[in-house]
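# Overview (structure and organization)
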Amino acid sequence: MSTAMLEVEDLAHVKGDGQPIISEITFTVNEGDVVVLRGVSGSGKTTLLKCIAHLNLYSGHVLFKGYPPTHYGIPTYRTKVLYIPQRPSLLPLTPRDFVLTVMSFKAHKRQHRGSGSVSGRSDAWMDHPLEVGSQFGIDPNLWNRNWAELSVGEGQRIMVAIGVALGTAEILLLDEPTSALDPETTLAVEKYTLSMFRKPESSVKAIIWVTHSEEQAQRVGTRIITIASGKACEELSAPIDLV
Ligand SMILES: Nc1ncnc2c1ncn2[C@@H]1O[C@H](COP(=O)(O)OP(=O)(O)OP(=O)(O)O)[C@@H](O)[C@H]1O
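Described in the following lines is the structure provided in the data block. In this text, all values refer to a predicted model and were calculated from it rather than measured experimentally.

### Overview of unusual backbone geometry
- Look at Glu24: it is not a glycine, yet its phi comes out positive at around 50°.
- Within the secondary structure, Glu24 is located in strand β2 (residues 20-30).
- Within the chain, His54 stands out as a residue other than glycine whose phi angle is a positive 65°.
- Take His54: it is sitting in the loop between α1 (45-52) and β4 (59-64).
- Judged by its relative accessible area of 23%, His54 falls in the partly exposed class.

Structural data, given as structure tokens:
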């Protein structure tokens, strides 16, 4: 039987004027799922991902492995259910700073368990992200540049590399991760991300992947959920071909 990683129940998010952007959203994500989330521009896909990541206020319930985000502590929860934004250029500082911030939450938790530090070398946490980034054609120097000074595509590839490589994320929330990439690089990112995901030792156990591309949905998804008029609807026959 599949293990439920994420349960979203009757979730709603309303704008400041009281109008709902999304409402009555209910679905479960199981271990091994790559759930493609699609819908027309403005239908609420990013809003939903941010609610799941506890970056937006919402009503209803989000349970990660049976418990609400507060059970884990919100910063730690956000490293486990990791939102990969569509526009990382809005983030402060550099990709390297982002990695060290995320890893500091993991280190903090480990210290509380009394298991000591992650490594004797202060920058050892960068090794795997750099390695994955190089698979995506990312020059190592780009990790030290401010997010705002990266091209959209460079920022996207670095964010996906972080999500795949950090070893903290159990659910990746990918918000149009390849929208700024050329077809060849898009395929490379899809292939490497899914091959990492399928490895038994991967920390990532499920992915929600937002895309406007029907072809990408068919390539990466094991299930497809469409948002329309603020409600979510799962397609009955989902593609199963994996890259
Ligand atoms: N903070 C906000 N205040 C008011 N309206 C908002 C806010 N954030 C999003 N919206 C509106 O909510 C709707 C859903 O936006 P959202 O970004 O979730 O859509 P999306 O499906 O991800 O769109 P796209 O495919 O274009 O990225 C849009 O009409 C957007 O203008």
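Having put the structure on the table, let's press on.
### Focus on helix α5 (residues 127-135)
- Within α5, burial applies to Pro129, Val132 and Gly133. On an axial view of α5, the arc spanned by its buried residues comes to 105°, and they lie on one face.
- On its buried side, α5 packs onto α6 (152-165) and α7 (183-198).
- Downstream of α5 by a residue or two, Gly137 has a phi angle that is positive, lying close to 80°.

### A closer look at the site of the ligand
- As a matter of local geometry, the ligand sits amid 13 residues, with Ser41, Gly42, Lys45, Thr47 and His212 nearest to it.
- Ser41 is positioned such that a nitrogen or oxygen atom in its side chain is 2.5 Å from an oxygen atom of the ligand.
- Between His212 and the ligand, the recorded distance is 2.8 Å, taken from a side-chain N or O atom to an oxygen atom.
- Here the ligand has 640 Å² of accessible area as a free molecule, and 55% of this is covered by the chains.
- Counting residues per element, the shell around the ligand draws most heavily on α1, at three residues.
- Per-class residue counts for the shell around the ligand are two nonpolar, eight polar and three charged.

Definitions and limits used
- Residues numbered from 1 in each chain as written.
- Predicted model: local features only at pLDDT ≥ 70, side-chain atom pairs only at ≥ 80, totals over all residues.
- Heavy atoms only, no water.
- Helix = DSSP H or I, 4+ residues; strand = E, 2+ residues; numbered from the N terminus.
- Buried < 20%, exposed > 50% of the residue type's maximum accessible area, 1.4 Å probe, protein only.
- Arc of directions from axis to C-beta.
- Contact = heavy atoms within 4.5 Å.
- Near = heavy atom within 4 Å.
- Polar contact = N/O pair within 3.5 Å; in protein donor to acceptor, adjacent residues only side chain to side chain.
- Areas by Shrake-Rupley, 256 points an atom, 1.4 Å probe, with all protein chains shown as cover.
- Nonpolar A, V, L, I, M, F, W, Y, C, P; charged D, E, K, R; others polar.

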